[in-house]
Amino acid sequence: MGFRVAVAGATGNVGREMLEILSERNFPADEVIALASSRSVGKEVSFGDGTLTVKNLETHDFSDTDICLMSAGGSVSQKWSPKIGQQGCVVIDNSSAWRYNADVPLIVPEVNADAISEFSRKNIIANPNCSTAQLVVALKPLHDAAVIKRVVVSTYQSVSGSGKDGMDELFNQTRAVFVNDPVEKGIYTKRIAFNVIPHIDSFMEDGYTKEEWKVLAETKKMLDPKIKVTCTAVRVPVFIGHSEAVNLEFEKEITAEQARDILRDAPGCLVVDKAEDGGYVTPHECAGEDATYISRIREDATVENGLNMWVVSDNLRKGAALNAIQIAELLVARGLIKSKNQAA
Ligand code: 2RA
């Protein structure tokens, strides 16, 4: 018997992607339930060749649900994930609410799959921030080979990271510019059309933003607390796909060719790297794909054992929905979860 899987936040960008990928990957579900706030009850969302009618997250009985893919925001997760976990339903949460909790494993299956065994403490597993997920997929094989000492990363994050509102704002502002209408600002503090904004999430006392801190904290939690990480997170006028310029310093020597060979064989990675026109991946080409693409691999002679690379991935897929479903697949593959239907 298969699993009963709920998608909470089913009407959002990531929730819709979760439904798409559950169907694409034939996840062993007997039933998939679309959940959202009372405002969305009754709406239809696509699933496979059909649709699901959205039900109310707050009134759903999770006692017969096996897995809840949660993408309903941090405050909803803070309130509901413990209650859902206490009903014996494993929550895989895409918000930042539980990522830094010592009792909650933060998982990218290609990076730290073994840490998933800790999930039973709260029945909650955290999905990383989208910009961290693609980064650690690329860092893990290189760290295993030559031990990363320091990471300097600049991110170029698409507006879909801000949800539908971000995408609508880019579209409307771009159209306004072309027809010479006044450009109205909305969720972003500055115009995003034909512009870039070095500000994602809120500012912290040290002048960094929470988005930049998340990359540091999550890389250390999943990969190695000894790695030094510094990040500049930038919003760019791209609809889907986050890009990252990454500078690395290693303990051991590693050439660009060695790094290319290692990444070519690494899980979740796809190397597209030729020093010629078009010999690299751009966000436009990664949208809808599962891979973490790595391009522009080259040595950095300004430091000892230095390397530069360009990392691109679909932030709604590997950055969120796909990783969450791969975590669910890992639970099943390792026999860490049984269907309540079977138990009955
Ligand atoms: C963003 N990483 O891109 C954040 C949340 N998805 O806005």
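Nothing here was measured: the structure is a model prediction, and the numbers come from that model.

Draft legend 1. The sheet that holds strand 2 (residues 29–36), seen in detail. The sheet built from six strands is open, its strands ordered 5-2-1-6-7-8 with parallel pairing. Strand pairing shows two members of the sheet lacking a second neighbour, strand 5 (55–56) and strand 8 (124–126), which therefore form its edges. Helix 2 (residues 74–85) contacts strand 6 (67–70), strand 7 (90–93) and strand 8 of the sheet and is inclined by roughly 175° relative to strand 6.

Draft legend 2. Region of the structure containing the environment of Q134. Within the element layout of this structure, Q134 appears in helix 4 (residues 130–146). Along the backbone, Q134 and S243 are 109 residues apart, and their C-alpha atoms lie at a distance of 9.1 Å. When sequence neighbours within four positions are dropped, the list of residues in contact with Q134 reads H242, S243, E244, T292, V311, V312 and S313.

Draft legend 3. Region of the structure containing the layout of surface pockets. In this structure, the largest pocket spans a volume of roughly 1400 Å³. Breaking the lining of the largest pocket down by element, the ones donating at least two residues are helix 1 (13–24), helix 2, helix 5 (164–178), helix 6 (210–222) and helix 9 (317–333). Per-element tally for the lining of the largest pocket: the top contributor is helix 1, with four residues. A breakdown of the residues in the lining of the largest pocket according to their chemical character gives 15 nonpolar, 24 polar and 11 charged.

Draft legend 4. Region of the structure containing the site of the ligand. Surrounding the ligand, one finds N129, C130, Q157, G161, S162, E211, R235 and H242. Between the ligand and the protein, one listed contact pairs a nitrogen atom with a side-chain N or O atom of N129 at 2.9 Å. With respect to the ligand, the side chain of H242 contributes an N or O atom lying 3.3 Å from an oxygen atom. Protein contacts shield 78% of the accessible area of the ligand, which totals 240 Å² for the unbound molecule. A majority-of-atoms criterion places the ligand in the largest pocket. Residue composition of the shell around the ligand, by class: one nonpolar, five polar and two charged.

What counts, and where the lines are drawn
- Residues numbered from 1 in each chain as written.
- Predicted model: local features only at pLDDT ≥ 70, side-chain atom pairs only at ≥ 80, totals over all residues.
- Heavy atoms only, no water.
- Pairing = 2+ DSSP bridges.
- Helix = DSSP H or I, 4+ residues; strand = E, 2+ residues; numbered from the N terminus.
- Contact = heavy atoms within 4.5 Å.
- Axes fitted to C-alpha atoms, helices over the stretch in contact; angles between N-to-C directions.
- 1 Å grid on protein atoms, 1.4 Å probe; cavity = no way out; pocket = protein on both sides within 12 Å on 5 of 7 lines; lining within 4 Å.
- Points joined across faces, edges and corners; volume = space filled by probe spheres on them.
- Nonpolar A, V, L, I, M, F, W, Y, C, P; charged D, E, K, R; others polar.
- Near = heavy atom within 4 Å.
- Polar contact = N/O pair within 3.5 Å; in protein donor to acceptor, adjacent residues only side chain to side chain.
- Areas by Shrake-Rupley, 256 points an atom, 1.4 Å probe, with all protein chains shown as cover.
- Sits in = over half its atoms within 2 Å of the grid points.

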